[in-house]
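# Notes for the structure review
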Amino acid sequence: MTLPLVVGVDGSDASLAAVDWAVDEAARGGLPLRLVYASLWERYEGAVPTNGSQRPAERVLAEHIVASAAERAVRRNPGVKVTTAVRPEDPVDALLHEGNNAFALVTGERGRGELKGLLLGSVGLGVAARAHCPVIVVRGDETGLVGMHERILFGAGDPGTGDRAVRFALREAETRGCALDVVRAWRWSPHEGTDHPAREQEERATAQLDELLHEAVAAYPGALVRRMAVEGPPRRILVDRSAAADLVIIGARRRHGHFGLQLGLVGHTLLHHAHCPVAVVPQLA
């Protein structure tokens, strides 16, 4: 059975953008789409649609939201199979549960009712920091959202966080037929204790890229991979380069038995500031 691409919907503009992005992604990858609305039935401000029944108004609103999202998805691509679900529970918990049987989870950058000044909503952050499947937070400018750059950016992090993520990135690049830029940041240190510390740091970063990609690239012969060892802070490098990418992908380590947020500084920065959608791919430790 093909696992679905699961999208959290709540009727907000950001979640509708996530639906549009996910429909295109599902069509490219031959994936079914599952649209999930979850809430503790807190009332939203504004008019709530009713149909004269005795069902709770919150339930009517939920069904209206998922039905509208499903209709939007079908209009965008009738060939994508769409199912829906309404879950009366905390949105983060519901999506994490859905993620146990999902190819990936997709959310908007912030949800309905959250302040416009927020760079990232609580649901997107909570899911990206805790899920055991890939999570894509849909954000950025129009060119990145519709895939006009024809380029994916992968940030190669510390050993132990990148194997699953780089395979996800290679699959994306091969499916899209686009280039994959694999970037490893390195920092020059005057205390390296050698005659040529900068050159040795760059060579070390290049060797780490080769080690990471050695086995993975063989499984995806259709992916065009470009390896880059770049001097500078990883956060700045990836945010800057995300302006010319359709998707930026990073790995994140998940420790068994740890229930808090498990997302590093680079991940936080990208989720708040990247110019294109961000995929966080967990590596279970």
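As a reminder, the structure under discussion sits directly above these lines.
Thresholds, definitions, all that
- Residues numbered from 1 in each chain as written.
- Predicted model: local features only at pLDDT ≥ 70, side-chain atom pairs only at ≥ 80, totals over all residues.
- Heavy atoms only, no water.
- Helix = DSSP H or I, 4+ residues; strand = E, 2+ residues; numbered from the N terminus.
- Contact = heavy atoms within 4.5 Å.
- Salt bridge = Lys/Arg side-chain N within 4 Å of Asp/Glu carboxyl O.
- Buried < 20%, exposed > 50% of the residue type's maximum accessible area, 1.4 Å probe, protein only.
- Pairing = 2+ DSSP bridges.
- Polar contact = N/O pair within 3.5 Å; in protein donor to acceptor, adjacent residues only side chain to side chain.
- Phe/Tyr/Trp six-rings, centres within 6.5 Å; stacked < 30°, edge-to-face > 60°.
- Expected span 1.5 Å × (residues − 1).
- Axes fitted to C-alpha atoms, helices over the stretch in contact; angles between N-to-C directions.
- Parallel < 35°, antiparallel > 145°, perpendicular 65-115°, else oblique.
- Left-handed = near helix turned anticlockwise from the far one by under 90°.

### Here's the deal with the side chain of E172
Among the secondary structure elements, E172 is positioned in helix 6 (residues 163–176). For E172, the contacting residues outside a window of four places in its chain are E25, I152, L247 and I249.

### Topic: the pattern of salt bridges
Under the counting rule described, the total for this entry stands at 18 salt bridges. Ionic pairing is found between R76 and D20, a salt bridge with its closest N-O pair at 3.9 Å. Here D20 lies in helix 1 (residues 13–29) and R76 lies in helix 2 (residues 57–76), a separation of 56 residues in the sequence. A relative accessible area of 39% places R76 in the partly exposed class.

### Considering the pairing of strand 7 (residues 179–186)
A regular strand carries its side chains on alternate faces of the sheet. Burial analysis of strand 7 places 8 of its 8 residues in the buried class, the great majority of the element. The alternating pattern of strand 7 places A179, D181, V183 and A185 on one face and L180, V182, R184 and W186 on the opposite face, and all of these are buried. In this structure, strand 7 lies alongside strand 8 (residues 224–231), joined through 8 bridges in parallel fashion. Looking at the pairing, L180 lines up with V225 of strand 8.

### Concerning the side chain of D181
Along the chain, D181 falls in strand 7. Polar side-chain contacts of D181 include one of 2.8 Å to the side chain of R226. Aside from chain neighbours lying at most four places away, what touches D181 is R151, I152, L153, F154, R226 and M228.

### Things to note about the environment of P277
When you line up the elements, P277 lands in the loop between helix 9 (265–273) and strand 10 (278–284). Measuring from C-alpha to C-alpha, the distance between P277 and L145 comes to 6.9 Å, with 132 residues separating the pair along the chain.

### Structural notes on the packing of aromatic side chains
Counting across every chain of the model gives 1 aromatic pair. Centroid distance F103 to F168: 5.9 Å. Interplanar angle 25°. Geometry classified as stacked. In this pair, F103 sits in the loop between helix 3 (91–98) and strand 4 (104–108) while F168 sits in helix 6, placing the two residues 65 residues apart along the sequence. Judged on exposure class, the residue F103 and its partner F168 are both buried.

### Structural notes on helix 1
A rise of 1.5 Å per residue sets the reference length of helix 1, with its 17 residues, at 24 Å; its end C-alpha atoms lie 24 Å apart and thus fit the reference within 8%. Taken as a whole, helix 1 has its buried residues at A14, S15, A18, V19, D20, W21, A22, V23, E25 and A26. Residue G30 follows helix 1 closely and has a positive phi angle near 65°.

### Notes on the packing of helix 1 against helix 2
Remark: helix 1 packs on helix 2, axes separated minimally by 10 Å, with the N-to-C direction vectors making an angle of 40°. Classified by the angle between their axes, helix 1 and helix 2 sit oblique to one another. Here the hand of the crossing between helix 1 and helix 2 comes out right-handed. Here L16, V19, D20, V23 and D24 of helix 1 come into contact with helix 2, specifically with A69, R72, A73 and R76.

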